[in-house]
Amino acid sequence: MPSTILPIVPSMNQNFTCTLPVDSKNITLDFSLTYNTPGGYWFMSITDHETGKLLVDSLPLLPGEYPAANLLSQYSYLEIGSAVLVSVTGDGTMPTFESLGRDHFVLWGDNTS
């Protein structure tokens, strides 16, 4: 499965648009990432760039092991691909405010069956 790293940088409240290859076609999505300081975790919202329709709201960016590692598994009906949070150390740690986009990345890939 080819994957794309989302262009996340370690900073507060990020908004960006990204065109991603999913199942041999390109889709363009708008992303909003926010760090929950009291809870100590990141969450992400995803909007369809063409329609402006909110597809996924406040999805926590939590590490997991297969098959739970796919952050978008409960949203498979949207056919917007799959996403996995990975750590460069491979230890499955939670991304901190400073580490997302530096030591932790979100990989986007094809839909899973």
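Before any of the text, the structure's been laid out above.
Computed from a prediction, not measured in an experiment: that's the story for all the values here.

**A few points about the packing of aromatic side chains**
Then comes step 1: Tallying each qualifying case throughout the model produces 6 aromatic pairs.
Then comes step 2: Ring geometry for Phe-16 against Phe-31: centres 5.2 Å apart, planes inclined by 20°, an arrangement best described as stacked. With a gap of 15 residues between them, Phe-16 in strand 2 (residues 14-22) and Phe-31 in strand 3 (residues 25-36) connect regions that are remote in the sequence.
Then comes step 3: A relative accessible area of 2% means that Phe-31 is categorised as buried.
Then comes step 4: Look at Tyr-41 and Phe-43: their rings are 6.3 Å apart centre to centre, the planes differ by 50°, and that puts the pair in the tilted class.
Then comes step 5: An aromatic cluster of at least three residues, connected via ring pairs, comprises Phe-16, Phe-31 and Trp-108.

**Regarding the side chain of Ser-87**
Then comes step 1: Positionally, Ser-87 belongs in strand 6 (residues 82-87).
Then comes step 2: Side chain to side chain, Ser-87 and Thr-89 meet in a polar contact 2.9 Å long.
Then comes step 3: Here the side chain of Ser-87 touches Asp-91 through a polar contact of 3.4 Å, side chain to side chain.
Then comes step 4: Those residues in contact with Ser-87, other than ones at most four positions away along the chain, are Gly-92, Thr-93, Asp-103 and His-104.

**Some thoughts on the sheet that holds strand 4 (residues 41-48)**
Then comes step 1: Judged by pairing direction, the sheet is antiparallel, and its 4 strands sit side by side in the order 2-3-4-5 without closing on themselves. Each having just a single partner strand, strand 2 and strand 5 (54-60) make up the two edges of the open sheet. Each strand of the sheet is rotated relative to its neighbour by a mean of 25°, with strand direction disregarded.
Then comes step 2: Judged from the 4 bridges that link them, strand 4 and strand 5 form a sheet pairing that is antiparallel. Opposite Ile-46, over in strand 5, you have Val-56 as the bridge partner.

**Details of the nonpolar core**
Then comes step 1: In this structure, Leu-6, Phe-31 and Trp-108 are the most contacted members of the largest nonpolar core, which totals 27 residues.
Then comes step 2: Taken together, the elements giving at least two residues each to this core come down to strand 2, strand 3, strand 4, strand 5, strand 6 and strand 7 (104-109).
Then comes step 3: The element best represented in this core is strand 3, accounting for 5 residues.
Then comes step 4: Those residues in contact with Leu-6 that lie beyond four places of it in its chain are Phe-16, Cys-18, Leu-20, Phe-31, Met-44, Val-106 and Trp-108.

**Considerations on the side chain of Asn-70**
Then comes step 1: As for its position among the elements, Asn-70 is in the loop between strand 5 and strand 6.
Then comes step 2: Classification of Asn-70 by relative accessible area gives buried; the value is 12%.
Then comes step 3: In this structure the side chain of Asn-70 is engaged in a polar contact, spanning 2.9 Å, whose partner is the backbone nitrogen of Leu-72.
Then comes step 4: With near-sequence residues (within four places) excluded, Asn-70 lies in contact with Ser-82, Ala-83, Val-84 and Thr-112.

Cut-offs and rules
Residues numbered from 1 in each chain as written. Predicted model: local features only at pLDDT ≥ 70, side-chain atom pairs only at ≥ 80, totals over all residues. Heavy atoms only, no water. Phe/Tyr/Trp six-rings, centres within 6.5 Å; stacked < 30°, edge-to-face > 60°. Helix = DSSP H or I, 4+ residues; strand = E, 2+ residues; numbered from the N terminus. Buried < 20%, exposed > 50% of the residue type's maximum accessible area, 1.4 Å probe, protein only. Polar contact = N/O pair within 3.5 Å; in protein donor to acceptor, adjacent residues only side chain to side chain. Contact = heavy atoms within 4.5 Å. Pairing = 2+ DSSP bridges. Axes fitted to C-alpha atoms, helices over the stretch in contact; angles between N-to-C directions. Core = buried A, V, L, I, M, F, W, Y, C linked by side-chain atoms within 4.5 Å.

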